[in-house]
Amino acid sequence: AAPIAGTKKGLYTLSALWRTVIVVANELPEEGETLWLRLLGRGEVQRRAAQELLDLAELNPLRDATLELLIAWQQSLPPAAKQSEDERELMMNLEKVYERWERKVLAKGKAEGKAEGKAEAVLAVLQGRGLTVTDAQRKQVLACTDSAELDGWLGAAGTTPSVKVLLSGGVASRSREKRA
């Protein structure tokens with residue numbers, strides 16, 4: 001194999017007849033363009049690539065997609081007792097990735113659960129007052145994930161003249177005017 005002229009370090013080719021490129025992960029430069037290939041490496045190269053992935057900006061579109069792929073890869077490994085040495089090393093290298101992903105998923109689930117609970121409370125108050133809630137209105141309330149809006153609806157649900165007025169924001173804006 002010979003280094004490929006004019007490309008990054010770590011890329012080699014066999015003769016043109018074979019149409020083969022060999023990637024040596026531990027020789028690749030540590031930059032964004034080589035991150036995915038280095039994640040497929042081993043040992044310290046893989047560990048540093050995983051840390052580099054965690055350090056990417058939250059808004060980086062490849063970050064979350066890559067994290068999800070790595071989590072799926074980790075979860076597809078056999079149980080610890082049946083893992084090879086390479087698989088145990090992979091588990092260790094991806095441990096921080098998994099912990100960060102788990103915290104994010106739990107926080108997101110907790111926020112979604114709170115929003116769902118508030119939406120159910122709004123519907124329960126409206127129902128308890130004998131107000132008719134249409135299927136479309138029920139869907140609108142249950143689809144809302146804005147905690148402030150749900151709090152406003154919940155606070156106004158006890159005094160609103162109708163579900164339509166509540167969801168249009170009429171009651172919440174009137175109660176703000178009264179406080180001012």
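Residues numbered from 1 in each chain as written. Predicted model: local features only at pLDDT ≥ 70, side-chain atom pairs only at ≥ 80, totals over all residues. Heavy atoms only, no water.

*Asks:* Would you take a moment to explain the overall build of the protein chain for this structure?
*Replies:* The helix and strand tally for the protein chain stands at nine helices and three strands. Secondary structure of the protein chain in N-to-C order comes out as β-β-β-α-α-α-α-α-α-α-α-α. Here the C-alpha atoms of the protein chain give a radius of gyration of 27 Å, more than 25% beyond the 16 Å that 2.2 N^0.38 yields for 180 residues. When its C-alpha atoms are laid out on the principal axes, the protein chain stretches across 80 × 45 × 35 Å. Going through the 180 residues of the protein chain one by one, you find that 27% of them count as buried. Long-range pairs, those at least 24 residues apart, make up 38% of the contacts in the protein chain with a sequence separation of at least 6. When the accessible area of the protein chain is evaluated, it comes to approximately 11,900 Å², of which 57% is carbon and sulfur surface. In the protein chain, 26 side chains carry a positive charge and 25 a negative one; their mean positions are 7 Å apart. (Helix = DSSP H or I, 4+ residues; strand = E, 2+ residues; numbered from the N terminus. Rg over C-alpha atoms; globule rule 2.2 N^0.38 Å. Buried < 20%, exposed > 50% of the residue type's maximum accessible area, 1.4 Å probe, protein only. Contact = heavy atoms within 4.5 Å. Areas by Shrake-Rupley, 256 points an atom, 1.4 Å probe, with all protein chains shown as cover. Lys, Arg positive; Asp, Glu negative; His and termini not counted. Charge placed at Lys NZ, Arg CZ, Asp CG, Glu CD.)

*Asks:* Please clarify how unusual backbone geometry should be interpreted in this entry.
*Replies:* The phi angle of most residues is negative, glycine excepted, and most peptide bonds adopt the trans form. Notably, arginine 19 is not glycine yet its phi reads approximately 50°, a positive angle. Structurally, the position occupied by arginine 19 is in the loop between strand S2 (11–13) and strand S3 (21–23).

*Asks:* For this particular structure, what's the right way to read helix H5 (residues 95–128)?
*Replies:* Because an α-helix completes one turn every 3.6 residues, residues spaced three or four positions apart along the sequence face the same direction. An ideal rise of 1.5 Å per residue puts 50 Å on 34 residues; H5 measures up with 48 Å between its terminal C-alpha atoms. Burial in H5 covers these residues: Val97, Ala115, Ala119, Val122, Leu123 and Leu126. Where H5 is buried, its residues meet helix H2 (43–55), helix H3 (61–75), helix H6 (135–143), helix H7 (147–156) and helix H8 (163–168). Following H5 by one or two positions, glycine 130 has its phi on the positive side, about 85°. (Expected span 1.5 Å × (residues − 1).)

*Asks:* How should I be thinking about a nonpolar patch on the surface in this particular structure?
*Replies:* Taken together, Leu14, Leu17, Trp18 and Ile22 make up a surface patch of nonpolar side chains, about 440 Å² in accessible area. Of note, leucine 17 is situated in the loop between S2 and S3. The exposure class of leucine 17 is exposed, given its relative accessible area of 71%. (Patch = residues over 30% accessible without salt bridge, like charges linked within 9 Å, V, L, I, M, F, W, Y side chains within 5 Å. Salt bridge = Lys/Arg side-chain N within 4 Å of Asp/Glu carboxyl O.)

Function cannot be inferred from these measures alone, as they are strictly geometric.
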